[in-house]
Amino acid sequence: MDTDLHQLLRSLRVWDPAVTELPPLDPAAAPDEPLPLFVRWFAEAVSAGQAEPHTMSLATTDENGDPDVRIVMLHGADDTGWSFATHDGSGKGRQLAGHPYAALAFYWPVQGRQVRVRGPVVTARREEAQADIHARSTGALAAGLTGRQSEPLGSLEELAQSSDSAWERARREPDAEVPSWTLYRLEPAEVEFFQGDVRRRHVRLRYRRTPDGWSRGLLWP
């Protein structure tokens, strides 16, 4: 089995030119702040056909300082920060309550691009959190109403019963509140843009927040 996996890994290509185009990144032409570049790259990823470009890795730490990571959905990015949401009692919700600092990572292989963001995390107002979940689909509301995220589950039948009830309520009460639903904003202290290069001369442009605004610099790939 190990040999089969090794052979499979060796057979894979990174940034196959048949499906990937590596655009240039000119650091001298980059904006003074990271948000405009992120918005531009995000729009370009969508135009290039990147699947689910709004998904991202969210890294947090638990009470022992051990790292944890999972895939979540970006809910917005503006001058207040990069936003995502979850139940406050979930694993990530508890971890953020104990250590409100996190990191995000986006990967858009169709253009060989990564964006990394890290910084302190704050919670939005309750009204904003409820507006967030009500702006999403009926399924998202049903999942929110099902609740109990990250708690031990006795059986799939138990999940199905709870989910069915939540779906019925979501259709009946599209404005139903989900008290545990929390909207988080990561306030960026550091943002890195990675642009892949076919000759492995990858461009890494890092923005760092300072008391006087944003500073920019390059990193070795």
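Everything discussed here concerns the structure shown above.
## Digging into the overall build of the chain
Thought 1: Looking only at helices and strands, the chain features six helices and ten strands.
Thought 2: When the backbone C-alpha atoms are referred to their principal axes, the chain occupies close to 55 × 55 × 40 Å.
Thought 3: Across the 221 residues in the chain, those meeting the buried criterion constitute 36%.
Thought 4: By sequence separation, contacts in the chain at least 24 residues apart represent 66% of the contacts at least 6 residues apart.
Thought 5: Here the chain displays about 13,300 Å² of accessible surface, and carbon together with sulfur accounts for 52% of that area.
Thought 6: Distance between charge centres in the chain, computed from 25 positive and 32 negative side chains, equals 6 Å.

## Details of the packing of aromatic side chains
Thought 1: The tally for this structure, following the rule as stated, stands at eleven aromatic pairs.
Thought 2: Plain terms: the ring middles of Trp15 and Phe194 are 6.5 Å apart, the flat faces sit at 45° to each other, and that makes the pair tilted. Residue Trp15 is located in the loop between helix 1 (2-11) and helix 2 (34-47), and its partner Phe194 is located in strand 8 (residues 190-195); the two are separated by 179 residues in the primary sequence.
Thought 3: Measuring from centroid to centroid gives 5.3 Å for Phe38 and Trp82, while their planes differ by 70°, and the two rings are edge-to-face. Residue Phe38 is found in helix 2, and its partner Trp82 is found in strand 4 (residues 81-87); the two are separated by 44 residues along the sequence.
Thought 4: Residue Trp82 is classed as buried on the basis of its relative accessible area of 1%.

## Some points on the side chain of Gln111
Thought 1: Assignment of secondary structure puts Gln111 in the loop between strand 5 (101-108) and strand 6 (113-123).
Thought 2: Using a relative accessible area of 11% as the deciding quantity, one classes Gln111 as buried.
Thought 3: Residues within four places of Gln111 in sequence aside, it is in contact with Thr20, Glu21, Leu22, Pro23, Glu44, Ala45, Ala48 and Gln195.

## Section: the packing of helix 5 (residues 138-146) against helix 6 (residues 156-172)
Thought 1: Relative orientation of the contacting elements helix 5 and helix 6 amounts to 125°, with a least axis distance of 8 Å. The angle between helix 5 and helix 6 places the two elements in the oblique class. Like other packed secondary-structure pairs, helix 5 and helix 6 cross with a definite hand, here right-handed. Seen from helix 5, the contacting residues are Thr138, Gly139, Leu141, Ala142, Leu145 and Thr146; seen from helix 6, they are Leu159, Ser162, Ser163, Ala166, Trp167, Arg169, Ala170 and Arg171.

## Comments concerning the environment of Thr55
Thought 1: Inspection of the secondary structure assignment puts Thr55 in strand 1 (residues 55-61).
Thought 2: Placed 16 residues apart in sequence, Thr55 and Ile71 show a C-alpha to C-alpha distance of 6.5 Å.
Thought 3: Looking at Thr55, its side chain comes within polar contact range of the main-chain oxygen of Glu52, at 2.8 Å.

## What to know about the pairing of strand 1
Thought 1: Here strand 1 shows a clear split, with Met56, Leu58 and Thr60 buried on one side and none of Thr55, Ser57, Ala59 and Thr61 buried on the other.
Thought 2: Here strand 1 folds back onto strand 2 (residues 67-73), and the loop between the two strands holds five residues, one of which, Gly65, carries a positive phi near 85°.

## Observations regarding the pattern of salt bridges
Thought 1: As enumerated under the stated definition, the model contains 16 salt bridges in all.
Thought 2: With its nearest N and O atoms 3.6 Å apart, the salt bridge here joins Arg125 to Glu128.
Thought 3: Take Glu128: its relative accessible area is 25%, and that puts it in the partly exposed class.
Thought 4: Residue Glu190 is joined to Arg208 by a salt bridge in which the shortest nitrogen-to-oxygen separation is 3.5 Å. Separated by 18 residues along the polypeptide, Glu190 in strand 8 and Arg208 in strand 9 (residues 203-210) bring together distant segments of the chain.
Thought 5: With relative accessibility at 39%, the residue Arg208 sits in the partly exposed group.
Thought 6: The network of salt bridges with common partners includes Arg125, Glu127, Glu128 and Arg185.

## Considerations on the pairing of strand 7 (residues 181-186)
Thought 1: The element strand 7 is largely enclosed, with a buried count of six among its six residues.
Thought 2: Here strand 7 shows two buried faces, one formed by Trp181, Leu183 and Arg185 and the other by Thr182, Tyr184 and Leu186.
Thought 3: Where strand 4 lies against strand 7, six bridges are found, and the strand directions are antiparallel. Of the residues in strand 7, the one forming a bridge with Ala85 is Leu183.

## Remarks on the nonpolar core
Thought 1: Residues Trp82 and Val115 are the most contacted members of the largest nonpolar core, which totals 28 residues.
Thought 2: In terms of residues, this core owes the most to one element, helix 2, which gives five residues.
Thought 3: Membership of the second largest hydrophobic core comes to 13 residues, among which are Ile133, Leu141, Val178 and Trp181.

## Let's talk about a negative patch on the surface
Thought 1: Taken together, the side chains of Asp32, Glu33, Asp78 and Asp79 present a region of like negative charge at the surface.
Thought 2: Within the secondary structure, Asp78 is located in strand 3 (residues 76-78).

Reading guide: rules and limits
Residues numbered from 1 in each chain as written. Predicted model: local features only at pLDDT ≥ 70, side-chain atom pairs only at ≥ 80, totals over all residues. Heavy atoms only, no water. Helix = DSSP H or I, 4+ residues; strand = E, 2+ residues; numbered from the N terminus. Buried < 20%, exposed > 50% of the residue type's maximum accessible area, 1.4 Å probe, protein only. Contact = heavy atoms within 4.5 Å. Areas by Shrake-Rupley, 256 points an atom, 1.4 Å probe, with all protein chains shown as cover. Lys, Arg positive; Asp, Glu negative; His and termini not counted. Charge placed at Lys NZ, Arg CZ, Asp CG, Glu CD. Phe/Tyr/Trp six-rings, centres within 6.5 Å; stacked < 30°, edge-to-face > 60°. Axes fitted to C-alpha atoms, helices over the stretch in contact; angles between N-to-C directions. Parallel < 35°, antiparallel > 145°, perpendicular 65-115°, else oblique. Left-handed = near helix turned anticlockwise from the far one by under 90°. Polar contact = N/O pair within 3.5 Å; in protein donor to acceptor, adjacent residues only side chain to side chain. Pairing = 2+ DSSP bridges. Salt bridge = Lys/Arg side-chain N within 4 Å of Asp/Glu carboxyl O. Core = buried A, V, L, I, M, F, W, Y, C linked by side-chain atoms within 4.5 Å. Patch = residues over 30% accessible without salt bridge, like charges linked within 9 Å, V, L, I, M, F, W, Y side chains within 5 Å.

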